[in-house]
Amino acid sequence: MRCSESGCVNTTLGNMKRSGGSESEKRRKRRRLLQELGDQRIPYLGPSDHGFQQLWETSYSGLALRRSCSLPEELHGRVEAALFTLRRRGCFLRDLVKVRDRDVFTAVSRVLLGQPGTTYRYLDTRLFTIPWHTDEQRGTCCDPDLSAACKALWELNCFFCSDVGDRKEGDVFKQCRKELVGAIESKPSVEGDTESKDSEESKPSDDGGDSESKQSEEGETESKHSDDWDIESKHSEEEGPSSKQDAAWESRHGDEMGDMKTKQTELGSPTASKQHSEGKHTGWKHRPAGSTETETTDLGTQEKPVAELKHSLSGYHIEDEEDEDQQSGQGCSNLNPAKTSCSGPTQFNVTLLNYMDPAAMSQLKEEPYYGMGKMAVGWHHDENLVSLSPVAVYSYSCHDNKGVSSEEGPAEKGCWRIGLKVAWDIHTPGLTLPLQSGDSYYLRDDLNRTHQHCVLAGESARFSSTHRVAECSTGTLDYIQSRCREALSNLSTDPETGTHSLLSLLPATLQGYEEIHNEVEFEWLRQYWFQGQRYTRFCSWWARPMEQLENDWREMELMTQLLLAAVEEEGQPEEGRREMAETLLTALTDRQQHRQTWRDRCHSSLAQTLPPEEAPVDRPFWADDDPSMPLPFDLADIINRVESLLWRM
């Protein structure tokens, strides 16, 4: 056992952000808890540690491992070829996301594949799928090589859909667990000759500087605590995608496609019993979930009792649940949740593909609570998923210059690992699981809800394919098209004169249609032109639907102008005019604020670092001088007119 040397669903625009007071209170509590922990490390177990299998079975039972050798060899080959095709074509791009009102780049490069017309939203960023190509869905939106790659990922998705919920396979997963421990224990222990010490960046900071180069360490550290934190440990907020990184990848892995073979060896990754500088602490003993007894010895007189820290964390955890609508469930994941929102066979509708090369990164954050090592992805719950739905992940590690996978080295930290912990629990030890190239793992039952996970960087570059049941009830093309039809149903056009008019002037009806107007613009058009359009050079699937959405948006702008004319019409009853004016003013004020936010994002210093083919686009139809826009674009002027009208009433 190890410890230190000294111890999500797309939301409506009105509900996208939490209150400032709640955020400030959370930050204060997080800072206090970090100070309480001080230099202590919470223990964690790896396969070489005694009690690892028991901990897995009792506190992490929702985690299932499927070894590389248990997947069909042909499927391995097609998937690996698909990953390299996507990488070679430049489809993996870093996302510009928003964290605590700041735009930051993800350290991991990504691309989203999935059902046609599906999107996945996280951290104020909407990703638009490149459709995977099934036997029934043969399109011309991609070239043949890319289509073949998308189909291979669809085949992997089909395998996961049929496998992840098959409880008859439980013995297989349990055997993988035992084999993993047996493989580690059969190898000689390798002691590291260097100590792993925390870098200054990994220390919590209270100064919260605004310097871009400092990357706001307060925000970074606190975000690792946040349940909706799904951003990677960023190496630089100012650094854009690097051509140097691409060149390095080509030089190291350019020949891999030529002689790529599917590895079918068992996970005998020699997970070293190498100890951190924190050393193995015999004072920490594994206790089943729910135990209230605290067993610690030789922790030092200056350290706070674990029970006291647990009490503080538990108090915070309850409050955090109320804000995040997370149910409690500390200590273990339930094999059979009493109530589930994901019933029937699992149907993964998207896969988020990730690529990262640690050698090309200038800096990775240290995992701050357990001392697990460098993090590629910080602690988080996967967000915006159907409640209690599973997650399936396929991991592929690239080879070094000698064609040997990095996991074959002697040190556990040389390979990629996943780390897991019970959310806001310092009693239950964390868990690390090394991954061999081609391994897959599942987060089943309620594990994603009750636990958090991170990805610990290895020495080689790595791909992952993370298959999810995205909650996209408001995130599909069909959905937003139906919303457009609903709004435009209030617009009437005279077939002879072409004159437009509104069918209903009821304030409640008008408010609903103006909300749809904002949703189309800020949740779809702005999102697409901010980053979604980057993929049009690979796949043209979204081009025509987005063009139609633009046309629908223009019609809604016309409806807003008609509403303004009705408000200013003197012949209308004053009370009705007032209600309409108030409805219009609310919608326009909100629209003005969001438009400014998106202009700022498109022209931010980070956005300017992107190459032209990836840079956010501020579409011409948002400009005042667009000849195809017959309506006044100056919202400030319209708002002033409505405010003046209300003042005179």
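Residues numbered from 1 in each chain as written. Predicted model: local features only at pLDDT ≥ 70, side-chain atom pairs only at ≥ 80, totals over all residues. Heavy atoms only, no water.

Novice: How should the overall build of the protein be read in this particular structure?
Specialist: What the protein contains, in helices and strands, is 14 helices and 17 strands. A buried classification covers 57% of the 649 residues belonging to the protein. (Helix = DSSP H or I, 4+ residues; strand = E, 2+ residues; numbered from the N terminus. Buried < 20%, exposed > 50% of the residue type's maximum accessible area, 1.4 Å probe, protein only.)

Novice: Hey, could you run me through helix α11 (residues 507-530) in this one?
Specialist: Within an α-helix, residues lying three or four positions from one another point in the same direction, as the helix has 3.6 residues per turn. The first and last C-alpha atoms of α11 sit 32 Å apart over 24 residues, in line with the 34 Å expected at 1.5 Å per residue. The sharpest bend along α11 comes to roughly 25°, located at Glu521. Burial runs high along α11: 18 of the 24 residues are buried. (Expected span 1.5 Å × (residues − 1). Bend = angle between axes of the 7 residues up to and from the residue.)

Novice: Hey, could you run me through the confidence of the model for the protein in this one?
Specialist: Caution applies to low-pLDDT regions: their predicted coordinates should not be interpreted in detail. Here the protein averages 74 in pLDDT, while 63% of its residues score no lower than 70. Predicted confidence in the protein is weakest over helix α6 (residues 217-223), with a mean pLDDT of 34, and strongest over helix α10 (residues 477-488), with 98. Counting contacts from residues 1-19, a segment whose pLDDT is below 50, to residues more than four positions away or on other chains yields 74 contacts. (pLDDT = per-residue confidence, 0-100. Contact = heavy atoms within 4.5 Å.)

Novice: Even after reading the chapter, I still don't get the packing of aromatic side chains, so can you show me in this structure?
Specialist: Each aromatic ring pair is characterised by the separation of its centres together with the angle its planes make. Following the criterion strictly, the structure yields 19 aromatic pairs and no others. Centroid distance Phe92 to Phe463: 5.5 Å. Interplanar angle 55°. Geometry classified as tilted. In this pair, Phe92 sits in the loop between α3 (73-88) and β3 (93-99) while Phe463 sits in strand β15 (residues 462-468), placing the two residues 371 residues apart along the sequence. Taking relative accessible area as the criterion, Phe92 reaches 9% and is therefore assigned buried. Residue class for Phe463 comes out buried when judged on its relative accessible area of 0%. Plain terms: the ring middles of Trp524 and Trp542 are 6.5 Å apart, the flat faces sit at 40° to each other, and that makes the pair tilted. (Phe/Tyr/Trp six-rings, centres within 6.5 Å; stacked < 30°, edge-to-face > 60°.)

Novice: Whenever I open this one, the pairing of strand β4 (residues 102-114) confuses me. Can you help?
Specialist: Burial runs high along β4: 12 of the 13 residues are buried. Counting the residues between successive antiparallel strands, the hairpin from β3 to β4 contains 2 residues, one of them, Arg100, with a positive phi of roughly 50°. Relative to strand β7 (residues 130-131), β4 runs parallel, the two sharing 2 bridges. Looking at β7, one finds that Gly114 is bridged to Pro131. (Pairing = 2+ DSSP bridges.)

Novice: Sorry if this is basic, but what is going on with the side chain of Ser465 here?
Specialist: When you line up the elements, Ser465 lands in strand β15. With a relative accessible area of 1%, Ser465 lands in the buried category. Within the structure, the side chain of Ser465 is placed 2.7 Å from the side chain of Thr351, a separation counted as a polar contact. Setting aside residues up to four positions removed in sequence, Ser465 forms contacts with Leu153, Leu156, Thr351, Leu352, Leu353, Ala392, Val393 and Tyr394. (Polar contact = N/O pair within 3.5 Å; in protein donor to acceptor, adjacent residues only side chain to side chain.)

Novice: Explanation requested: the pattern of salt bridges in the structure shown.
Specialist: Think of it this way: side chains of opposite charge can pair up when their charged atoms draw near. One pass over the structure, following the stated rule, counts 21 salt bridges. Between Glu523 and Arg121 there is a salt bridge; the shortest N-O distance is 2.9 Å. One end of the pair, Glu523, is in helix α11; the other, Arg121, is in strand β5 (residues 119-122), with 402 residues separating them in the sequence. You'll find Glu523 and Arg121 in the same group, each marked buried. Shared partners join several salt bridges into a network, and the residues in it are Glu514, Glu521, Arg526, Glu557, Arg591 and Arg595. (Salt bridge = Lys/Arg side-chain N within 4 Å of Asp/Glu carboxyl O.)

Novice: How should I be thinking about the sheet that holds strand β14 (residues 451-456) in this particular structure?
Specialist: Where strands meet in a sheet, backbone hydrogen bonds hold them as pairs that are either parallel or antiparallel. Taken together, the 5 strands give an open sheet; going across it, the order is β1-β12-β11-β14-β9, and neighbouring strands pair in mixed fashion. The open sheet terminates on both sides in strands that have one partner only, identified here as β1 (44-45) and β9 (375-380). Judged from the 3 bridges that link them, β9 and β14 form a sheet pairing that is antiparallel. Its bridge partner lying in β14, His380 is registered against His453. Those strands touched by helix α2 (residues 52-59) are β1, β12 (430-434) and β14, and its axis lies near 110° from that of β12. (Axes fitted to C-alpha atoms, helices over the stretch in contact; angles between N-to-C directions.)

Novice: Teacher, can you tell me more about the environment of His133 here?
Specialist: Tracing the backbone shows His133 in the loop between β7 and α4 (144-163). A relative accessible area of 7% means that His133 is categorised as buried. For the pair His133 and Ala148, spaced 15 residues apart in sequence, the C-alpha to C-alpha distance is 7.6 Å. At 3.4 Å, the side chain of His133 forms a polar contact with the backbone oxygen of Pro131.

Novice: Whenever I open this one, the pairing of strand β8 (residues 350-356) confuses me. Can you help?
Specialist: Strand residues, when the strand is regular, have side chains that alternate between the two faces of the sheet. With 7 of 7 residues buried, β8 lies mostly within the body of the structure. Where burial is concerned, the two faces of β8 agree: the one with Val350, Leu352, Asn354 and Met356 and the one with Thr351, Leu353 and Tyr355 are both buried. Bridge count for β8 against β15 is 7 bridges, and the pairing is antiparallel. Of the residues in β15, the one forming a bridge with Leu352 is Thr466.

Novice: Can you walk me through the packing of α11 against helix α13 (residues 574-602) in this structure?
Specialist: Each pair of packed helices gets described by two things: the angle between the helix axes and the distance between those axes. Across the interface, α11 lies against α13 with an axial gap of 9 Å and an inter-helix angle of 5°. For the element pair α11 / α13, the angle class is roughly parallel. Only Glu579, Met580, Thr583, Ala587, Asp590, Arg591, His594, Arg595, Trp598, Arg601 and Cys602 of α13 make contact with α11, whose side of the interface consists of Pro507, Leu510, Gln511, Glu514, His517, Asn518, Glu521, Phe522, Arg526, Gln527 and Phe530. Considering only residue class, the contact of α11 with α13 consists of 8 nonpolar, 6 polar and 8 charged. (Parallel < 35°, antiparallel > 145°, perpendicular 65-115°, else oblique. Nonpolar A, V, L, I, M, F, W, Y, C, P; charged D, E, K, R; others polar.)

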